[in-house]
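Residues per chain are reported as follows:
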Amino acid sequence: MPKIALFITDLLFQSQVRVAMQGSDAELMFVSSPDALPADTTPTLAVFDLSSGNLALLRAFREKFPAVPTLAFLPHIHTDLKAQAEALGCTRVLSRFEFSKNIRQLLTSLQ
């Protein structure tokens, strides 16, 4: 069963993800930090909302789980933040719009 760690605090986006993934066999884990994941759990994918500009969670996750694919989304105007996320090894960085439009496809294709 795929385990997706979601570093998303925005309740609207949490709800959109839950609705989009209904009927999927993926286990969704909304967490606040990599240390909040159960000790025996290695996610198959991690998703980050970088809207606040905070790259610390992505950095900490990449250090703890370097082989796990990561997906981040952010406002489209933050091109510098996109470049920073990619430099940290983020697998894919999208605009908030692209993410919300294609949630299920994105989460199932990157696992």
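See above for the structure.
Anyway, here's the lowdown on the structure attached to this text. (Residues numbered from 1 in each chain as written. Predicted model: local features only at pLDDT ≥ 70, side-chain atom pairs only at ≥ 80, totals over all residues. Heavy atoms only, no water.)

### Details of the overall build of the protein
Scanning the protein for helices and strands turns up 5 helices and 5 strands. For 111 residues, the compact-globule formula gives about 13 Å, and the C-alpha radius of gyration of the protein, at 13 Å, lands near that figure. Taken along its principal axes, the extent of the C-alpha atoms in the protein is 35 × 30 × 25 Å. Buried residues in the protein amount to 41% of all 111 residues. With an accessible surface of roughly 5800 Å², the protein has 52% of that area assigned to carbon and sulfur atoms. (Helix = DSSP H or I, 4+ residues; strand = E, 2+ residues; numbered from the N terminus. Rg over C-alpha atoms; globule rule 2.2 N^0.38 Å. Buried < 20%, exposed > 50% of the residue type's maximum accessible area, 1.4 Å probe, protein only. Areas by Shrake-Rupley, 256 points an atom, 1.4 Å probe, with all protein chains shown as cover.)

### Notes on the pairing of strand β5 (residues 92–95)
Pairing between strand β4 (residues 70–74) and β5: 4 bridges, direction parallel. Counted as the bridge partner of leucine 71 is arginine 92 from β5. (Pairing = 2+ DSSP bridges.)

### Topic: the layout of surface pockets
In this model, the largest pocket occupies a volume close to 200 Å³. Residue lining of the largest pocket: Phe7, Ile8, Thr9, Val31, Ser32, Phe48, Asp49, Leu50, Ser51, Ser52, Asn54 and Leu57, and that is the complete set. For the lining of the largest pocket, the per-class residue count stands at 6 nonpolar, 5 polar and 1 charged. (1 Å grid on protein atoms, 1.4 Å probe; cavity = no way out; pocket = protein on both sides within 12 Å on 5 of 7 lines; lining within 4 Å. Points joined across faces, edges and corners; volume = space filled by probe spheres on them. Nonpolar A, V, L, I, M, F, W, Y, C, P; charged D, E, K, R; others polar.)

### What to know about the nonpolar core
Phe7, Leu37, Phe48, Leu50, Phe61 and Ala85 are the most contacted members of the largest nonpolar core, which totals 19 residues. Secondary-structure elements contributing two or more residues to this core are β1 (3–7), β3 (45–49), α2 (56–64), β4 and α3 (79–87). Discounting chain neighbours no more than four positions away, the residues touching leucine 37 are Ala5, Met29, Val31, Pro43, Phe61 and Phe65. Counting 16 residues, the second-largest nonpolar core is a separate cluster that includes Val17, Ala26, Phe73 and Leu106. (Core = buried A, V, L, I, M, F, W, Y, C linked by side-chain atoms within 4.5 Å. Contact = heavy atoms within 4.5 Å.)

### With respect to the pattern of salt bridges
If you walk through the whole model with that rule in mind, you get 3 salt bridges. As a salt-bridge pair, lysine 64 and aspartate 35 come within 3.4 Å of each other at their nearest N and O atoms. Taken together, the residues span a long stretch of sequence, with lysine 64 in helix α2 and aspartate 35 in the loop between β2 (27–30) and β3 at a distance of 29 residues. A single network of salt bridges, built from pairs that share partners, joins Asp10, Asp49 and Arg96. (Salt bridge = Lys/Arg side-chain N within 4 Å of Asp/Glu carboxyl O.)

### Some remarks on the sheet that holds β1
What the 5 strands build is an open sheet, ordered β2-β1-β3-β4-β5; its pairing is parallel. A strand with exactly one partner marks an edge of an open sheet, and here the two such strands are β2 and β5. Between one strand and the next, the sheet's axes are offset by a mean angle of 20 degrees, whatever the strand orientation. Contacts from helix α1 (residues 11–20) reach β1, β2 and β4, with the element oriented near 175 degrees to β2. (Axes fitted to C-alpha atoms, helices over the stretch in contact; angles between N-to-C directions.)

Taken by themselves, the reported measurements are silent on function.
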